[in-house]
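Below, each chain spelled out in residue letters.
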Amino acid sequence: MERKNLMSARNCRLLRLLIVVLAAVMIGNSQSLLRVQAQKPRQRQPQPPVIPKSPQTLDDLFAAVARQVPEFGGLFLSSDDQTLQVYLTDTSKEKVEAVKKAIVGDFGTTVMPKGGIRVLQGQYVFLQLKEWYDRMLGPIFSTGGVTFADIDEAKNRLRIGIDKREVTTRVIEQLGKLRIPREAVVMDVIGLIVPSKPAGGDRPASITLQNKLRPTQGGYQIIKNDGYGGACTLCFNALRGNDSGFVTSAWCTNNVWQPDGMSFFQAGPFDVVGAETVDPLGFLSPTYPCQKYQRCRWSAGAFVKYDPGITSAQGVIARTTGLTTTATPILTVASTKFGIAAAPSQPYLVGLSLNKVGRMTGWTNGQI
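A brief report on the enclosed structure follows. For clarity, every value in this text was computed on a predicted model and none was experimentally measured.

So, how was this worked out
- Residues numbered from 1 in each chain as written.
- Predicted model: local features only at pLDDT ≥ 70, side-chain atom pairs only at ≥ 80, totals over all residues.
- Heavy atoms only, no water.
- Helix = DSSP H or I, 4+ residues; strand = E, 2+ residues; numbered from the N terminus.
- Buried < 20%, exposed > 50% of the residue type's maximum accessible area, 1.4 Å probe, protein only.
- Pairing = 2+ DSSP bridges.
- Axes fitted to C-alpha atoms, helices over the stretch in contact; angles between N-to-C directions.
- Contact = heavy atoms within 4.5 Å.
- Parallel < 35°, antiparallel > 145°, perpendicular 65-115°, else oblique.
- Left-handed = near helix turned anticlockwise from the far one by under 90°.
- Nonpolar A, V, L, I, M, F, W, Y, C, P; charged D, E, K, R; others polar.
- Disulfide = S-S within 2.5 Å.
- Phe/Tyr/Trp six-rings, centres within 6.5 Å; stacked < 30°, edge-to-face > 60°.
- Lys NZ or Arg CZ within 6 Å of the ring centre and 35° of its normal.

Describing unusual backbone geometry
For step 1, the next point in the chain: Cis rather than trans, the peptide bond between Arg 214 and Pro 215 has omega equal to -5°.
For step 2, the next point in the chain: With respect to the helices and strands, the residue Pro 215 is situated in the loop between strand 6 (185-189) and strand 7 (216-218).
For step 3, the next point in the chain: In the Ramachandran plot, Arg 179 falls in the positive-phi region, its phi being about 60° despite a non-glycine side chain.
For step 4, the next point in the chain: Inspection of the secondary structure puts Arg 179 in the loop between helix 5 (168-177) and strand 6.
For step 5, the next point in the chain: The phi dihedral of Trp 257 is positive, around 60°, even though this residue is not glycine.
For step 6, the next point in the chain: Tracing the backbone shows Trp 257 in the loop between strand 11 (243-249) and strand 12 (263-265).
For step 7, the next point in the chain: By relative accessible area, Trp 257 is classed as buried at 16%.

Pasting the structure below:
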């Protein structure tokens, strides 16, 4: 009996030892498992689509003025750039002085031309026009045949472009559903807006915008290195971080709104200047400024990074020997240049005169 008890005691001690060892192994394995789990990288959770922050637009500045002076209906430059034409639904002296103060406060002193302001009798206040515009944007572009929509601050109205007159009835019906008065809307038949395709053509022998130039300048020709020779305009040189390059139209690349690495040259296929590196994909937004299921972008530009050894002139755009005023463009380059010296000194109001330089049109100008 005593031997049996001794065996039972020994077995109990062995069992307890086995339990302790097993527990230690389990704890060790658990710690090892925890270490492995801790070292294992977490799977990245899918991120919601990022909608870029909207830049401050001209409409935002107008709305800021209107919140101070609710009677404000919009403004634009006169044809001679000498006065600001300002719409007010109340043209009393008190409101005129108030709107002057608000305009300078929101736009800055440089917005005020030599002739000051000229008050026009307005029918609609700007905040009402903007509310109608925001309300109609998605539905109106869902109406077939509509090509553009805007607040026309020079007419104190909304403006809608259509591709043919037959679309008018459908647009009026949509305006009725949106409870926007027909008399508040100007409609223009302007045809379809189609992006121009890069053009080819032989380069002339004289020094023109279609020649090779080093250092490169804005306004000169660039040619797609795709075997077809479609040509576009080098808009302006730029720095993006540490990368030297230039901006051109996204329509000049092979895949619009998608980086495709398209390379460009100026004089021949063995004279490559650089390749596209940035052409944003656009973003989806269910609300203004991009109607549902449509892609939007804040610009139609693409960035081309220069190859090593390509020199470029920053802040310089070519000027031709004369302004193109006829069907035959002036492309010969002058010794003087246009310079980009600073940010715009005034907002791009309707009526503002601008200059443009292009490889096919030369130097042209006109008003917004």
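Moving on from the coordinates now.
With respect to the sheet that holds strand 1 (residues 72-77)
Picture the strands of a sheet paired through backbone hydrogen bonds; they go either parallel or antiparallel.
For step 1, the next point in the chain: On the basis of which strands lie adjacent, the open sheet formed by three strands has the order 1-2-3 and mixed pairing. The outermost strands of the open sheet, each flanked by one partner alone, are strand 1 and strand 3 (117-121). Each strand of the sheet is rotated relative to its neighbour by a mean of 25°, with strand direction disregarded.
For step 2, the next point in the chain: Pairing between strand 2 (residues 84-88) and strand 3: five bridges, direction parallel. Bridge pairing in strand 3 places Gln 85 opposite Arg 118.
For step 3, the next point in the chain: Sheet contacts for helix 3 (residues 93-107): strand 1, strand 2 and strand 3; angle to strand 2, the most-contacted strand, approximately 125°.

Regarding the packing of helix 2 (residues 58-68) against helix 3
For step 1, the next point in the chain: Taken N-terminus to C-terminus, the directions of helix 2 and helix 3 make an angle of 140°; their axes are 9 Å apart at the nearest point. Relative to helix 3, the element helix 2 lies oblique. For the pair helix 2 and helix 3, the crossing hand works out as right-handed. The residues of helix 3 that touch helix 2, namely those facing Leu 58, Leu 61, Phe 62, Ala 64, Val 65 and Gln 68, are Val 99, Ala 102, Ile 103, Asp 106 and Phe 107.
For step 2, the next point in the chain: Here the residues of the contact of helix 2 with helix 3 sort into nine nonpolar, one polar and one charged.

Let's talk about the state of the cysteines
As used in these notes, a disulfide is a covalent bond between sulfur atoms, one from each of two cysteines.
For step 1, the next point in the chain: Per the stated rule, a full pass over the model turns up one disulfide.
For step 2, the next point in the chain: A sulfur-sulfur separation of 1.8 Å characterises the disulfide bridge that pairs Cys 232 with Cys 252. What sets the handedness of the Cys 232 and Cys 252 disulfide is the S-S torsion sign, and at about 100° it is right-handed. Of this pair, Cys 232 sits in strand 9 (residues 231-233) while Cys 252 sits in the loop between strand 11 and strand 12; the two residues are 20 residues apart in sequence, bridging distant segments of the chain. In this pair, the class of Cys 232 matches that of Cys 252, namely buried.
For step 3, the next point in the chain: In this model Cys 235 remains outside any disulfide bridge; the closest cysteine sulfur is found in Cys 232, 8.7 Å from its own.

Quick notes on the packing of aromatic side chains
How two aromatic rings sit relative to each other is set out by the distance from centre to centre and by the angle between their planes.
For step 1, the next point in the chain: Throughout the structure, instances matching the rule amount to ten aromatic pairs.
For step 2, the next point in the chain: Both rings, one in Phe 72 and one in Phe 126, keep their centres 6.4 Å apart while their planes meet at 40°; by these two values the pair is tilted. Here Phe 72 is found in strand 1, whereas its partner Phe 126 is found in helix 4 (residues 126-141), with 54 residues between them in sequence.
For step 3, the next point in the chain: Following the ring pairs from residue to residue traces out a cluster consisting of Phe 62, Phe 72, Phe 107 and Phe 126.
For step 4, the next point in the chain: Cation over ring: Arg 319 sits above Phe 338, and NZ or CZ is 4.0 Å from the ring centre.
For step 5, the next point in the chain: Geometry around Trp 363 places Arg 319 over its ring, the cationic atom sitting 5.2 Å from the centre.

A word on the pairing of strand 5 (residues 157-162)
For step 1, the next point in the chain: Strand 5 sits mainly inside the fold: six of its six residues count as buried.
For step 2, the next point in the chain: Neither face of strand 5 is exposed, since Arg 157, Arg 159 and Gly 161 on one face and Leu 158, Ile 160 and Ile 162 on the opposite face are all buried.
For step 3, the next point in the chain: Pairing of strand 4 (residues 146-152) with strand 5 involves six bridges; the strand directions are antiparallel. Each residue of the ladder has a partner; that of Asp 150, found in strand 5, is Arg 159.
For step 4, the next point in the chain: Counted between consecutive antiparallel strands, the loop separating strand 4 from strand 5 contains four residues, among which Asn 156 sits at a positive phi close to 60°.
For step 5, the next point in the chain: Note: strand 5 against strand 6, five bridges, orientation parallel. Residue pairing for strand 6: Ile 160 is matched across the bridge by Met 187.

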